[in-house]
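# Residue-level structural notes
So the chains spell out like this:
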Amino acid sequence: MGRKARNIVVGLDMGTTKISAIIGEIQDDGIIDVIGIGSHLCSGIQKGVVANMDRTAEAIGKAVEEAQFMADVEVDAAYVGLAGPHLNGINSTGIIAVKNQEITGREIDRVIEAARVVALPEDREIIHVLPQEFIVDDQDGILAPPLGMSATRLEAKVHIVTVTVAAANNVIKCVNMAGFEVEDIVLEQLAVSEATLNADERDAEVLLIDIGGGSTNIALLSDGSLQFTKVLGIGGTHITKDLAIGLDISVPDAEQIKKAHGCAYRELVNDHDVVEVSFSGNYEPERIRRLDLCEIIEPRAEEIFQMVLSEINDNDYTTDMISHVVLTGGTASLEGMVELAEEVVFQVPVRRGIPSGIEGLSEIVKNPVHATGAGLLLFAAKQHQGRLHQFAGQGLFSRFYHRMRDWFTDFVS
Ligand SMILES: Nc1ncnc2c1ncn2[C@@H]1O[C@H](COP(=O)(O)OP(=O)(O)OP(=O)(O)O)[C@@H](O)[C@H]1O
Ligand SMILES: [Mg+2]
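Starting from 1, residues in each chain are numbered consecutively following that chain's sequence as written. Ligands are numbered from 1 and chains lettered from A, in the order in which they are written. Two thresholds apply to this predicted model, a pLDDT of at least 70 for residue-level local features and 80 or more for giving and counting side-chain atom pairs, whereas whole-chain, interface and lining totals are computed over all residues. Remark: hydrogens and water are excluded; side-chain values derive from all non-hydrogen atoms of the structure.

## Observations concerning the domain arrangement of the protein chain
- Assigned domains of the protein chain: these are domain 1 (8–85 + 165–200 + 354–412), domain 2 (87–164) and domain 3 (231–351).
- Domain ranges listed in this record stem from an automatic or a database domain assignment. The straight-line distance from the C-alpha centre of domain 1 to that of domain 3 is 28 Å.
- The contact criterion used throughout is that any non-hydrogen atoms of two residues lie within 4.5 Å. Counting residues at the interface gives 14 residues for domain 1, matched by 10 residues for domain 3.
- Defined here as a combined quantity, buried area equals the accessible surface (1.4 Å probe) lost by two parts on assembly, summed across both. Considering only the surface of domain 1 that becomes buried against domain 3, K47, T196 and P368 emerge as the three largest contributors, covering 41% of it.
- Counted as salt bridges are all cases of a side-chain nitrogen of Lys or Arg within 4 Å of a carboxyl oxygen of Asp or Glu. On inspection of domain 1 and its partner domain 3, the count reaches 0 salt bridges.
- Here a polar contact means two N or O atoms within 3.5 Å. Within protein one must be a hydrogen donor candidate and the other an acceptor candidate, and residues neighboring in sequence count only if both atoms are side-chain atoms. Run the count over domain 1 and domain 3 and you get 2 residue pairs in polar contact (both at pLDDT 80 or more).
- Helix and strand labels come from DSSP, where a helix needs a run of H or I of at least four residues and a strand needs a run of E of at least two; each type is numbered from the N terminus. The element contributing the most residues to the side of domain 1 that touches domain 3 is helix 4 (residues 188–196), with 3 residues.
- Charged means Asp, Glu, Lys or Arg here, nonpolar means Ala, Val, Leu, Ile, Met, Phe, Trp, Tyr, Cys or Pro, and polar covers whatever is left, Gly included. Partitioned by chemical class, the residues of the side of domain 1 that touches domain 3 number 7 nonpolar, 6 polar and 1 charged.

## Concerning the pairing of strand 2 (residues 18–26)
- In terms of residue burial, strand 2 counts as a mostly covered element, since 8 of its 9 residues are buried.
- Where strand 1 (residues 8–14) folds back onto strand 2 in an antiparallel hairpin, the turn is made up of 3 residues.
- Following DSSP output, two strands are said to pair if at least two bridges run between them. Pairing between strand 2 and strand 3 (residues 32–41): 9 bridges, direction antiparallel. Note that in strand 3 the partner of K18 across the bridge is L41.
- With antiparallel pairing between neighbouring strands as the criterion, strand 2 and strand 3 make up a hairpin whose turn holds 5 residues, including G30 at a positive phi of roughly 90°. Between buried and exposed lies partly exposed: a residue is buried under 20% and exposed over 50% of the maximum accessible area for its type, with that area taken using a 1.4 Å probe on protein chains only.

## Quick look at the pattern of salt bridges
- A full pass over the atoms with the stated rule returns 17 salt bridges.
- Two residues, E58 and K62, come together in a salt bridge whose shortest N-O distance is 2.9 Å. With E58 and K62 both in helix 1 (residues 53–71) and 4 residues apart, this pair spans about one turn of that helix.
- Overall, E58 belongs to the partly exposed group, its relative accessible area being 46%.
- Where K366 meets E363, a salt bridge forms, and the shortest distance between an N and an O atom there is 3.9 Å.
- The class for K366 is partly exposed, based on a relative accessible area of 39%.
- Since its relative accessible area comes to 63%, E363 is described here as exposed.

## As for the sheet that holds strand 18 (residues 350–352)
- Spatially, 14-13-12-17-18 is the arrangement adopted by the 5 strands of the open sheet, whose pairing is mixed. Of all strands in the sheet, those bounded by a partner on one side alone are strand 14 (225–232) and strand 18. The average angle at which neighbouring strand axes cross in this sheet is 20°, direction not considered.
- Every axis corresponds to a line fitted to the C-alpha atoms, with the helix fit spanning only the stretch in contact, and the corresponding angles, defined between N-to-C directions, vary from 0 to 180 degrees. Running over the sheet, helix 8 (residues 337–346) touches strand 12 (205–211), strand 17 (324–328) and strand 18 and is turned about 165° from strand 18.

Right, here's the structure in full:
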């Protein structure tokens with residue numbers, strides 16, 4: 001098989017509809033060249049949780065194999081995205097007194113350690129400790145570790161992501177069963193934010209919504225750091241099933257019609273807009289009014305957005321606090337989603353989030369369906385180059401933790 005190459009990173013997106021593997025090569029200038037992509041349908045994951053290990057492992061194997069073939073390289077490990085009800089994000093604060101009045105890497109470690117001390121149930125582990133801001137004496141809003149600054153008191157506000165050990169273990173086992181190691185596990189929202197937010201959005205308050213097949217991942221970011229994350233068990237598959245029931249057709253036919261002719265906002269569809277569709281088993285194509293498709297799709301799409309809105313409202317955030325919304329995931333490609341979200345639900349600018357910041361096979365990757373996979377590569381590249389302001393968990397993931405600690409020591413020295 002293919003050559004073993006250096007500086008190769010692999011992103012593995014284990015979604016509810018498909019598993020995709022993207023292989024990237026980090027160039028000397030830090031840019032990632034996408035050199036291989038493989039995707040395989042998979043029904044082994046439900047709402048982000050492994051429901052069938054054999055099917056999942058098989059799909060991982062096939063997706064990676066396809067990507068390896070395209071890239072003509074052999075890989076042995078991957079960055080894996082995690083999302084689902086087994087993940088939880090909480091905010092925490094740590095405060096320390098600064099000895100010798102100068103902040104060094106030791107003080108940063110200590111303040112993060114202090115913020116990390118939260119009461120966790122036995123079955124949960126921390127996977128990320130993401131600094132939101134550092135406060136040096138009374139000066140707040142410092143985003144990067146304030147190394148070298150003089151101070152008597154250092155405070156860190158962080159977002160801590162935890163996962164149920166069993167659920168994460170099952171994901172790792174499936175990857176191992178397919179013959180690969182897990183290089184790191186990464187919260188999907190974090191990966192997606194790497195791939196879809198532009199520089200301006202990193203200085204603003206953004207609501208990131210990734211609508212996939214079986215789930216909708218939400219993230220609220222302020223100045224590029226995560227404030228709130230949540231996963232809802234609803235997505236594009238529900239829209240497909242509504243169409244199948246509403247039109248009395250098979251699910252594969254409904255899926256094909258949704259992608260080819262569906263629209264989520266009736267304002268965009270003309271009353272006389274008619275499409276010809278062929279159903280499996282029928283030789284004669286049938287004529288369907290697009291408005292009829294819209295009348296089935298729009299209520300479900302609006303329900304998804306309303307659920308997102310209630311979720312953020314329930315957590316004390318309002319749309320007034322958001323400068324705009326970025327919509328991604330496969331279902332963001334459905335016509336009318338952006339307009340419906342902007343005009344009917346959120347009343348702030350909404351745009352479609354397409355992965356950027358990568359080269360090579362980027363024309364294939366520049367699709368919202370690849371936001372997680374592309375984001376995992378960008379995350380991996382940042383980690384390889386020591387540009388990541390994050391701290392990993394301990395315990396089950398101590399392997400990752402130690403690697404990151406090593407990196408952090410390098411970074412601060
Ligand atoms: N062009 C398109 N128009 C409409 N819907 C689309 C289009 N392309 C993909 N989708 C929908 O996007 C969904 C799959 O998106 P994605 O690949 O992001 O999900 P996933 O990662 O497998 O699942 P999840 O994130 O929920 O675990 C499917 O429901 C599919 O029908
Ligand atoms: Mg997904």
